[in-house]
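Next come the chains, spelled out residue by residue.
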Amino acid sequence: MLKLYSYFRSSASFRVRIALGLKGLPYEYVGVHLLKEGGMQLKPEYRALNADGVVPTLVVDGQPLIQSMAIIEYLDEVHPEPPLLPKDALDRAIVRGLAQEIACEIHPLNNLRVLKYVKHKLGATDEVKDAWYKHWVEEGFASLEVNLSQLGRVGRFAFGDTPTLIDLCLVPQVFNAQRFNVDMSRFPTIAKINDACMALEAFQKAAPGVQPDSE
Ligand SMILES: N[C@@H](CCC(=O)N[C@@H](CS)C(=O)NCC(=O)O)C(=O)O
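As a starting point, this report considers the structure included with it. (Residues numbered from 1 in each chain as written. Predicted model: local features only at pLDDT ≥ 70, side-chain atom pairs only at ≥ 80, totals over all residues. Heavy atoms only, no water.)

1. Looking at the pattern of salt bridges
Considering all chains together, one arrives at eight salt bridges under this definition. Between Asp 76 and Lys 23 there is a salt bridge, with the nearest N and O atoms lying 2.5 Å from each other. Of this pair, Asp 76 sits in helix α3 (residues 68-78) while Lys 23 sits in the loop between α1 (11-22) and β2 (28-31), and the two are 53 residues apart along the sequence. Of the two residues, Asp 76 and Lys 23, both sit in the buried class. (Salt bridge = Lys/Arg side-chain N within 4 Å of Asp/Glu carboxyl O. Helix = DSSP H or I, 4+ residues; strand = E, 2+ residues; numbered from the N terminus. Buried < 20%, exposed > 50% of the residue type's maximum accessible area, 1.4 Å probe, protein only.)

2. Here we look at the packing of aromatic side chains
Enumeration according to the criterion identifies six aromatic pairs in this entry. Centroid distance Tyr 7 to Phe 8: 4.9 Å. Interplanar angle 65°. Geometry classified as edge-to-face. For the pair Tyr 7 and Phe 8, one class covers both residues: buried. Residues Trp 132 and Trp 136 carry aromatic rings whose centres are separated by 5.8 Å and whose planes lie at 75° to one another, so their mutual orientation is edge-to-face. Placement of the pair is Trp 132 and Trp 136 together in helix α6 (residues 126-151), with a separation of four residues, close to one helical turn. By relative accessible area, which is 29% here, Trp 132 ends up partly exposed. According to the relative accessible area criterion, Trp 136 is partly exposed, its value standing at 24%. (Phe/Tyr/Trp six-rings, centres within 6.5 Å; stacked < 30°, edge-to-face > 60°.)

3. A look at the packing of helix α5 (residues 112-121) against α6
At a minimum axis separation of 9 Å, α5 and α6 run at an interaxial angle of 145°. Crossing handedness for the pair α5 and α6: right-handed. In this structure, α5 contributes Val 114, Leu 115, Val 118 and Lys 119 to the contact, and α6 contributes Asp 126, Lys 129, Trp 132 and Tyr 133. Of the residues belonging to the contact of α5 with α6, the class tally is five nonpolar, no polar and three charged. (Axes fitted to C-alpha atoms, helices over the stretch in contact; angles between N-to-C directions. Left-handed = near helix turned anticlockwise from the far one by under 90°. Contact = heavy atoms within 4.5 Å. Nonpolar A, V, L, I, M, F, W, Y, C, P; charged D, E, K, R; others polar.)

4. Considering α6
When the terminal C-alpha atoms of α6 are compared, their 37 Å separation across 26 residues agrees well with the 38 Å that a helix rising 1.5 Å per residue should span. When we look at burial in α6, the residues that qualify are Lys 129, Tyr 133, Val 137, Gly 140, Phe 141, Leu 144, Glu 145 and Leu 148. Gly 152 lies just past α6 and shows a positive phi near 70°. (Expected span 1.5 Å × (residues − 1).)

5. Comments concerning the site of the ligand
The environment of the ligand is made up of 16 residues, and the closest members are Val 55, Gln 67, Ser 68, Asn 111 and Arg 113. Between Gln 41 and the ligand, the recorded distance is 2.8 Å, taken from a side-chain N or O atom to an oxygen atom. Here an oxygen atom of the ligand sits 2.6 Å away from a polar atom, N or O, in the side chain of Ser 68. When the ligand sits alone it has 520 Å² of accessible area, and the protein chains cover 90% of it. One can see that the ligand is located within the largest pocket. The set of elements that each furnish at least two residues to the shell around the ligand consists of α1 and α5. (Near = heavy atom within 4 Å. Polar contact = N/O pair within 3.5 Å; in protein donor to acceptor, adjacent residues only side chain to side chain. Areas by Shrake-Rupley, 256 points an atom, 1.4 Å probe, with all protein chains shown as cover. 1 Å grid on protein atoms, 1.4 Å probe; cavity = no way out; pocket = protein on both sides within 12 Å on 5 of 7 lines; lining within 4 Å. Sits in = over half its atoms within 2 Å of the grid points.)

6. A word on the sheet that holds strand β3 (residues 57-60)
Think of a sheet as strands paired side by side through backbone hydrogen bonds, with each pair either parallel or antiparallel. Spatially, four strands are ordered β2-β1-β3-β4 in an open sheet, and the strand pairing comes out mixed. Each edge of the open sheet carries a strand with a single partner, namely β2 and β4 (63-66). Averaged over all pairs of adjacent strands, the angle between strand axes in this sheet comes to 25°, irrespective of strand direction. When β3 meets β4, the two strands line up antiparallel, connected through four bridges. Looking at β4, one finds that Val 60 is bridged to Gln 63. Against the sheet, α1 engages β1 (2-6), β2 and β3, with an angle of about 150° to β1. Packing against the sheet, α3 makes contact with β3 and β4, and its axis sits at approximately 120° to β4. (Pairing = 2+ DSSP bridges.)

Set out below in C-alpha cells:
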C-alpha cells in the first residue's frame, strides 16, 4: 500500500528509503527523473501529487504525503519499531534539532532548483555554483560537528547506539558532500557516524547506487 516517488540521488528521498528499510516496510518504487525533459518533478502529473515539484512523495493508501521529515515521523508513529526518535520529550527535541540542522539549514540552500537558479538566472559559472554548494555544506557540518561533540550523546550513532532521525539526515548529506569533494577528514565525528550507519543493511539498500532508477 506504500508507493514512494523518489530519485536515486535525492537526499530527501534517501532519508525516507532508510526509514522504510529500518522498519522493514515493503513499498513500490516510482522513479521521478529530476533532470530528464527539464525535470519530471515539474510535470503536471507529478505536481498533482506534490505541488512543490520535489521528491519524495509517499502515497499511503492513495493519500500523498509530502516533506521527508513529516513522512518519516508518520512512519515512526504508525510503525514504532525500531523507534527513530527517543521516548523522552527533551531528547526528542534535541534529536529533531540536530536533524533539522541538516534538513533545514544545509539542504534547502543546495537543492537542485536553487543551484539551477544560481547558474541559469544569476549567471554563476560551474565553479561558482560548486563553491556555493561546498560552502553551505562545510559551514553546516562545522556546526553539526561541534553540536554533536558538545552534546556528548554520540554512541555508535549520532544519538546513542541505535539510528535516529539525525542519522537518516546525516548519511544522505555526507553522500552529497562526497560528490562535491568536501574533505570529510575535517568532520571526524560525522564521518565516523556515517561509517557506522553504512555498515547496516537498511542504509546500504537505501543508497543511491542500488536504486531501480540508478544510473
Ligand atoms: N524539504 C523537502 C525537500 C525536498 C527536495 O528538495 N527534494 C529535492 C531532491 S533532494 C528535489 O526534488 N529537487 C527538485 C528540484 O529542485 O527541482 C523534503 O524534505 O522532502
